[in-house]
Structure formats: C-alpha cells, structure tokens
Amino acid sequence: MLNFKYEDFLSYLKGKKILITTHDLVDIDGLASCFALKFFLTEYFYKPTISIFFSELSKPTRNYMVKFSEKFPEFIFTYSNNVKLSNYDVCLIIDANEVNQIGLTTKNNTSQLSIPYIIIDHHHFNKDNLNNENLGLLNLINDNFSSTAEIILNLCQQYSQKLPTPYKYLITTAILTDSGFFNYGNNNTIKNVSDLLDKDLDIQDVRLLLNKEIDISERIAQIKGLQRVELIREGNYLIGISNVSSFGAKVASTLLKIGFDISIIHSIEKEQKIINGRVKKTICIKTGLHIGKIFEEISKKFGGSGGGHDGAAALTVDMDSEVILKKIIEKIIEVLRSKI
Ligand SMILES: [Mn+2]
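Residues numbered from 1 in each chain as written. Predicted model: local features only at pLDDT ≥ 70, side-chain atom pairs only at ≥ 80, totals over all residues. Heavy atoms only, no water.

**What about the environment of Leu37?**
(1) Moving on: Tracing the sequence through the fold places Leu37 in helix H2 (residues 28-44).
(2) Moving on: A residue is classified by how much of its surface remains accessible, and Leu37, at 0% relative accessible area, is buried.
(3) Moving on: As a C-alpha pair, Leu37 and Cys156 span 119 residues in sequence and 8.7 Å in three-dimensional space.
(4) Moving on: Ignoring anything within four residues of it in the chain, the contact list for Leu37 reads Ile20, Leu92, Ile94, Ile120, Ile152 and Leu155. (Helix = DSSP H or I, 4+ residues; strand = E, 2+ residues; numbered from the N terminus. Buried < 20%, exposed > 50% of the residue type's maximum accessible area, 1.4 Å probe, protein only. Contact = heavy atoms within 4.5 Å.)

Here it is as structure tokens:
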C-alpha cells in the first residue's frame, strides 16, 4: 500500500510551489484526481501555491464538465493551458507515468521536464522510465487501484480530510469510468465507492452525469470497425483485428462486447498511428496475457510509446502498422499457446 509513503510525499511538498497536471486529452480520472488533490493540499498546507495545467481535454471530459457545472454552479474548474515551468518547484504528474504523455514538454524535448516531478498513478510502471528529474522515491504508484482518484481518496482518508459533495461526485465518476462501471475493478473499487455514498451523493445522479448521447461520427466508426473486422481463431480464443480513422479505443472495447476475447484496432488519430488493444479480464487471468506489457516491449523495440494494463493498452508508433500488428499478434498467440 501507499500509506507509509504519504508522509514523505507531503513533507517534501511543504513550502514548494506546486504544479499539478495529467496526461494529454484529459479524461475524467485525470480531471477528478487533479482537482481533488489540489483541494487536499490546499486544506493540508497553509496558503500553498498550487496550479493545475491541462493541455487538452477529451470530449467526454468536456461534456461531463458541462453537466457537472449545471449541478454544482458554484464549483469552478480553474486551470491553465499555458504555464511557465520555472515558476514552480515541483510538478505532480497524475494518471500518467511518462513525461511524454503530458503536454508540458517542448517539441524538441519530449522526455524531459525542467523541474523535478513526482508521479501519482495507477498504471503499470516500468522502472526503466525513471530518470534524474523524477523523485522516484516519492512516487505514489499502485496498479491495484482501478483509478488514480482512489489514490487521492485514500490520501484524504489517511489524513481524515472530509470531502465536500462536489469532490465526492468527481471521485465517484472517475472510479466508475476508469473501472468501466466495475468491469475492471476489484473489491476495493466497490468499497471505495461505497465509502463515498451518503445522503448527498445519489448513485443514479452520478450515472446521469455520465450519460451521453453518442455522436454520429462515433457510431459510424463503431459500425465501420465491425464491418472491417478480421477474425483469427487460436484454439478457443477469438482475436479481432480492425481499423478505423478514429475512436479506436471504443471500437476495441466493442469487439469484446460482441464476443471477441482479444481485440486490436489500428487507427490514425491526430496524425499519429495508434494501436489499441483490449483483452477480456477472464482471459488475462487464465492465460497471463498482459497486453500493456506486450505494447511496452514492442514500443521499446520499434520506437514509439506504449503500455497500459493487462486488459487495455495503447501504442503509438511511427512505422508501418502492418509490421507492428504482425508482431503483436505473434506475441499474443505465443502467450495463448503456452497455456493451451
Ligand atoms: Mn486513470
């Protein structure tokens, strides 16, 4: 657990000018975790200097913020999309574990910040990513949590910090979205949500905040993704491969819902070649298949960046997707065969 690390983390931050940020295309977990952490630190320290930096927000996050602000008009999401790093002593990187996942680095140098940073995250962390700027001993990383928001919740609970209702809503929605409404969660995921529920927090209200009408472009991507899918059967396992021009992650999840065990979708988003992979949780447990590790390995070999969880991961590559896809499928089949 992380409990024993909190004290060192907080004593390091005392008196420092703090910048909090998260990965590009901020999702709800990143959003909730940044604001909840800022709230905690503001309560914990005497008049601290803390800013939040976001590069770009994802569309679901923006939709969510609109609904959230209707419900809590007094809650203001204050953040900046242009900061000067030299104004801060330390950067807290939330819900991401590599500097190049955040929008703070310069074009010429995507692997370095110019100030020390601490990672607070729930994704698998590769120790090779440690560098001089990362205050590695202070990182709060645990991939047993289904969301980063739960790490912040845990921190608040350790220091008996009560959360006002809007923050409870933020954290609950982050847990629900990151755990796929408990599909990827464990006992603690449910316990954490249960801790947050009270007379002011109605779970159906939380669900309403996350309700969304699906955009026509997304529906077209889903349909095209299904039309183009290629089926590979390996023993009793079904692998689906397809391509779309956007919404690759969503199409990858859809393939699992309709019966594939593993899905690999390649797409070109924001002029980048992206491969999204999903594996059914039961298959991960049964076979030990960890798509995040496979993507990480491939990205090391062929350049690019990639990684994630056992059942959900993404890979950004520069080279021909066909070659990479072939490698990925080979690796997957290798793991599946070793367990047959
Ligand atoms: Mn997350």
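**Notes on the coordination of the manganese ion**
(1) Moving on: Those protein atoms acting as donors to the manganese ion are Asp29 (OD), Asp95 (OD), His122 (NE2) and Asp178 (OD), and they sit at 2.1 to 2.3 Å.
(2) Moving on: Look at where the donors of the manganese ion fall in the sequence and you get D-x65-D-x26-H-x55-D. Of this pair, Asp95 sits in the loop between strand E3 (90-94) and strand E4 (117-121) while His122 sits in the loop between E4 and strand E5 (140-141), placing them 27 residues apart in sequence.
(3) Moving on: Asp95 gets classed as buried once you look at its relative accessible area, which sits at 3%.
(4) Moving on: On the accessibility criterion, His122 (2% relative accessible area) is buried. (Donors = N, O, S within 2.8 Å, 3.2 Å for Na, K, Ca; no water.)

**A short note on the environment of Thr282**
(1) Moving on: Mapped onto the elements of the fold, Thr282 is located in helix H10 (residues 281-287).
(2) Moving on: The class of Thr282 is exposed, set by a relative accessible area of 55%.
(3) Moving on: The spatial distance from the C-alpha of Thr282 to the C-alpha of Asp261 is 8.9 Å, given a sequence separation of 21 residues.

**Considering helix H6 (residues 187-196)**
(1) Moving on: Those residues of H6 that sit buried are Thr189, Asn192, Val193 and Leu196. On an axial view of H6, the arc spanned by its buried residues comes to 95°, and they lie on one face.
(2) Moving on: In the core, the buried residues of H6 are packed alongside helix H4 (148-158), helix H5 (165-178) and helix H7 (203-210).
(3) Moving on: The opening residue of H6, the one whose side-chain oxygen lies 3.0 Å from the backbone nitrogen of Asn188, is Asn186. (Arc of directions from axis to C-beta. Polar contact = N/O pair within 3.5 Å; in protein donor to acceptor, adjacent residues only side chain to side chain.)

**Notes on the pairing of strand E10 (residues 305-308)**
(1) Moving on: Of the strand pairs in this sheet, E10 and strand E11 (residues 312-317) are connected by four bridges, and their pairing is antiparallel. Bridge pairing links Gly308 to Ala313 in E11.
(2) Moving on: What sits between the antiparallel neighbours E10 and E11 is a turn of three residues. (Pairing = 2+ DSSP bridges.)

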